[in-house]
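What the coordinates show
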Amino acid sequence: MTALLSVKGVTVRFGGVTALEDAGFDLQPGELLGLLGPNGAGKTTMMRSITGVVTPQEGDVTLQGRVITKLPTHQRVRLGLGLSQQIVRPFRSMSVIDNVTLAAGHAKTLSPLGALGHRHRDAERERARELLQRVGIEEMAESEPSSLPLGMLKRLEVARALALDPKLLLLDEPLAGLNHLEAGRLADTIVALNRDGLSIILIEHNLSEVLRICQRLVVLDNGRNLAAGDPRRVMDDPAVQAAYLGSVAEREEPAHA
Ligand SMILES: Nc1ncnc2c1ncn2[C@@H]1O[C@H](COP(=O)(O)OP(=O)(O)OP(=O)(O)O)[C@@H](O)[C@H]1O
């Protein structure tokens, strides 16, 4: 099967810091893949190389057989990349549904044919309502984002990403800051989106949810590939455990100093 996304031999340096070195992985169509690694492993840099925020010094990113390494982000979005950020930034003065309608309208203007039909605001609103339903916040449609708890804001962020009709959705720590129950529910929503056919890459520190929902894991450490494959087998890998323990020890050290 041709990979939906292929990242090969990617190296990213920021001055003297090597954030990624010869790193890569493939994502098959329909997969829900967890991208893991301790703090500073290079996950965000990998995500940014895929979305085009960062251009690698070496290596290539290929989407559906097309090399996109040097394309700007908006062109990658047009080709089917969707991104839901860790920091949620809706337009605060607009209702929840207007936020998603705006994104749905933007999706149409991404293609010339869509732009011709752009006057069909009602259809966009209808689509926005469907998306709110898919992520489970349709009852909040007329509310302002500022009145929403974090768990719902995160769902709004996912709905806005879905409005751009992505083939591949990149989720950057969607469960961060949520309590156990909310995290489990949002993880269930992510599984439902994947079952509907959406391919997903999930960066997430909540390991129990990652293990519960991901079909495959890719683990980075110090900018390099450390392990990949079946989630349980990967987490049982002594090298992965050592990398995580090492990072916990590093984080805890100053507190004990
Ligand atoms: N814009 C930048 N300028 C300089 N160094 C950077 C930049 N972005 C990342 N780095 C460095 O690159 C390395 C990888 O960082 P990155 O944020 O990709 O890791 P991460 O796995 O996402 O970490 P975390 O889990 O803490 O978010 C780190 O050493 C980081 O300090």
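Residues numbered from 1 in each chain as written. Predicted model: local features only at pLDDT ≥ 70, side-chain atom pairs only at ≥ 80, totals over all residues.

Focus: the environment of Glu 58
Put simply, the rule reads: Put simply, DSSP H or I for four residues or longer makes a helix, DSSP E for two residues or longer makes a strand, and each gets a number counted from the N terminus. Once C-beta atoms are placed from the backbone, any two residues with those atoms within 7 Å are in contact.
With respect to the helices and strands, Glu 58 occurs in strand β4 (residues 58-63). On a C-alpha basis, the gap between Glu 58 and Thr 11 in space is 5.0 Å, while along the polypeptide they are 47 residues apart. Sequence-distant contacts of Glu 58, that is, excluding residues within four places in its chain, are made with Gly 9, Val 10 and Thr 11.

Regarding the pairing of strand β7 (residues 168-172)
Convention followed: The burial label depends on the number of other C-beta atoms within 10 Å of a residue's C-beta. Counts of 20 or more mean buried, 12 or fewer mean exposed, and intermediate counts mean partly exposed, with C-beta atoms placed from the backbone. Here, any two strands with at least 2 DSSP bridges between them count as paired. By definition, the crossover connecting two strands over a helix is right-handed if that path, from the first strand to the second, turns clockwise as seen with the strands pointing away from the viewer.
When you tally the buried positions in β7, you get five out of five residues, the bulk of the element. Residues Leu 168, Leu 170 and Asp 172 line one face of β7 and the alternating positions Leu 169 and Leu 171 line the opposite face, and both faces are buried. As judged from the four bridges shared by strand β6 (residues 81-84) and β7, these two strands associate in the parallel manner. Paired with Leu 81 across the strands is Leu 168, a residue of β7. The pairing of β7 with strand β8 (residues 199-203) spans five bridges and is parallel. Residue pairing for β8: Asp 172 is matched across the bridge by Ile 203. The handedness of the β7 to β8 crossover, carried by helix α7 (residues 180-195), is right-handed.

Let's talk about the environment of Glu 130
You can see Glu 130 is positioned in helix α5 (residues 121-134). Between the alpha carbons of Glu 130 and Ala 163 there is a distance of 9.9 Å; along the sequence they are 33 residues apart.

Side note on the confidence of the model for the protein
Put simply, the test is: By definition, pLDDT measures how confident the predictor is in each residue, and it falls between 0 and 100.
Summarising the model, the protein shows a mean pLDDT of 88, and 88% of its residues fall at 70 or more. In the predicted complex, the global pTM is 0.89; the interface-specific ipTM is 0.96.

Describing the sheet that holds strand β5 (residues 66-67)
Taken in spatial order, the four strands line up as β2-β1-β4-β5 in an open sheet, and their pairing is antiparallel. Strands at the two margins of the open sheet, each flanked by one partner only, are β2 (17-27) and β5. Summarising the sheet, strand β1 (residues 5-14) and β2 pair through seven bridges and their orientation is antiparallel. When the bridges of β2 are listed, Val 10 appears paired with Ala 23.

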